[in-house]
Amino acid sequence: MPLIEKLEQIKIVPVLVLNNLDEGIEMCRSLCENGLGAAEITFRTQAAESVIREVSRQFPEMVVGAGTILNVADLHRAFDAGAKFAVSPGFNPKVVAEAVKCGFEFAPGVCTPSECEQAMEFGCKLLKFFPAEASGGTAMLKSLIAPYRHLGIKFMPTGGVKPNNVESYLEIPEVAAVGGTWLNKCPVETIKEAAAIAAKYIRK
Ligand code: 3PG
């Protein structure tokens, strides 16, 4: 199944900042067991690469992505570790071009029409709308989507997305999934609540 369709079946992608491998495996096991089969493992810590490698091995069905990919070196580390997709907070043409060259699914961060168009020029079909809330939230995202709707571009809003506003994003048809750190190292109850919300929006 193509990545975007997989994310559309999961709907909420926890953004994880992990200190070590054990923490990462534990968190990903808990996510899988409680109904959220995806995660963005951020390259903000040294543990990211080993977590992606080990989680991909132990939970092959999980859609494990790499986050905060700011340069080509980290892009390769993520790809070689087995990440199924990667995202970045901004649009860096050098990184996106390398991802395209490798055949690595990449969703660059965008929050303006100019950035959307530059990303589309590279063939990106999934864009991370970041920082979602600070950029104007759902009103901004709806305006951003309008001129590109006919192209089938999908978005993954992240940045300020939380339980109190997550559904307003998930209601937008062009939102494949949302991301957020509120699920980083959170209790099992929080995962279950998020999975229940996600289930309402999964396309049948
Ligand atoms: C990200 O990398 O996507 C953001 O740090 C997530 O933003 P949040 O912390 O507001 O969820």
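For the structure itself, look to the data block above.
Presented here is a report on the structure given in the accompanying data block.

About the thresholds
- Residues numbered from 1 in each chain as written.
- Predicted model: local features only at pLDDT ≥ 70, side-chain atom pairs only at ≥ 80, totals over all residues.
- Heavy atoms only, no water.
- Pairing = 2+ DSSP bridges.
- Helix = DSSP H or I, 4+ residues; strand = E, 2+ residues; numbered from the N terminus.
- Core = buried A, V, L, I, M, F, W, Y, C linked by side-chain atoms within 4.5 Å.
- Buried < 20%, exposed > 50% of the residue type's maximum accessible area, 1.4 Å probe, protein only.
- Contact = heavy atoms within 4.5 Å.
- Phe/Tyr/Trp six-rings, centres within 6.5 Å; stacked < 30°, edge-to-face > 60°.
- Near = heavy atom within 4 Å.
- Polar contact = N/O pair within 3.5 Å; in protein donor to acceptor, adjacent residues only side chain to side chain.
- Areas by Shrake-Rupley, 256 points an atom, 1.4 Å probe, with all protein chains shown as cover.
- Nonpolar A, V, L, I, M, F, W, Y, C, P; charged D, E, K, R; others polar.

Before going further, it helps to spend a moment on the sheet that holds strand β6 (residues 109–110). If you trace the three strands from one edge of the open sheet to the other, you get β6-β7-β8, paired in parallel fashion. Each of the sheet's edge strands pairs with one partner strand only, and the pair in question is β6 and β8 (154–155). Pairing geometry for β6 and strand β7 (residues 126–129), over two bridges, is parallel. Bridged to Gly-109 within β7 is Lys-128.

Let us now look at the nonpolar core. Ranked by internal contacts, the top residues of the largest apolar core, which has 62 residues, are Ile-12, Leu-36, Ile-41, Ile-69 and Phe-155. If one sorts the elements of this core by residue count, helix α9 (residues 188–201) sits on top with six residues. Not counting residues up to four positions away in its chain, the partners in contact with Phe-155 are Val-110, Cys-116, Leu-126, Leu-127, Phe-129, Leu-141, Ile-145, Glu-174, Val-175, Ala-176 and Ala-177. Counting 14 residues, the second-largest nonpolar core is a separate cluster that includes Ile-4, Val-13, Ala-38 and Val-87.

Right, let's get into unusual backbone geometry. The phi torsion of most residues other than glycine is negative, and most of the peptide bonds are trans. Put simply, Phe-130 and Pro-131 share a cis peptide bond, and its omega is -5°. Locating Pro-131 in the fold gives a position in the loop between β7 and α7 (137–145). Notably, Lys-11 is not glycine yet its phi reads approximately 75°, a positive angle. If you trace the backbone, Lys-11 turns up in the loop between α1 (3–8) and β1 (12–16).

Throughout the structure, instances matching the rule amount to two aromatic pairs. Geometrically, the ring pair formed by Phe-79 and Phe-104 is tilted, given 4.7 Å between the ring centres and 40° between the ring planes. Pair noted here: Phe-79 is in helix α4 (residues 72–81) and Phe-104 is in the loop between α5 (93–102) and β5 (106–107), with a separation of 25 residues, a long-range link. Among the residues examined, Phe-79 registers a relative accessible area of 31% and is labelled partly exposed. Ring centres of Phe-91 and Phe-122 lie 5.9 Å apart, and the angle between their planes is 55°; on these two criteria the pair is classed as tilted. Of the two residues, Phe-91 is situated in the loop between β4 (85–87) and α5 and Phe-122 in the loop between α6 (113–121) and β7; the sequence distance between them amounts to 31 residues. When its relative accessible area of 17% is taken as the criterion, Phe-91 is described as buried. Judged by relative accessible area, Phe-122 falls into the partly exposed class, the value being 30%.

Looking at the ligand, the residues that line it are Arg-44, Lys-128, Phe-130, Thr-158, Gly-159, Gly-160, Gly-180 and Thr-181. Between the ligand and Arg-44, the relevant distance is 2.2 Å, taken from an oxygen atom to a side-chain nitrogen or oxygen of the residue. At a separation of 2.6 Å, an oxygen atom of the ligand approaches a polar backbone atom of Gly-160. Expressed as a share of its isolated accessible area of 310 Å², the protein-covered part of the ligand is 80%. Of the residues that constitute the shell around the ligand, the class distribution is one nonpolar, five polar and two charged.

Pairing within the open sheet is parallel, and its six strands lie in the order β5-β4-β3-β2-β1-β9. Unpaired on one side and paired on the other, β5 and β9 (178–180) mark the two borders of the sheet. Here β1 runs beside β9; their pairing, made up of three bridges, is parallel. Looking at β9, one finds that Val-13 is bridged to Gly-179.

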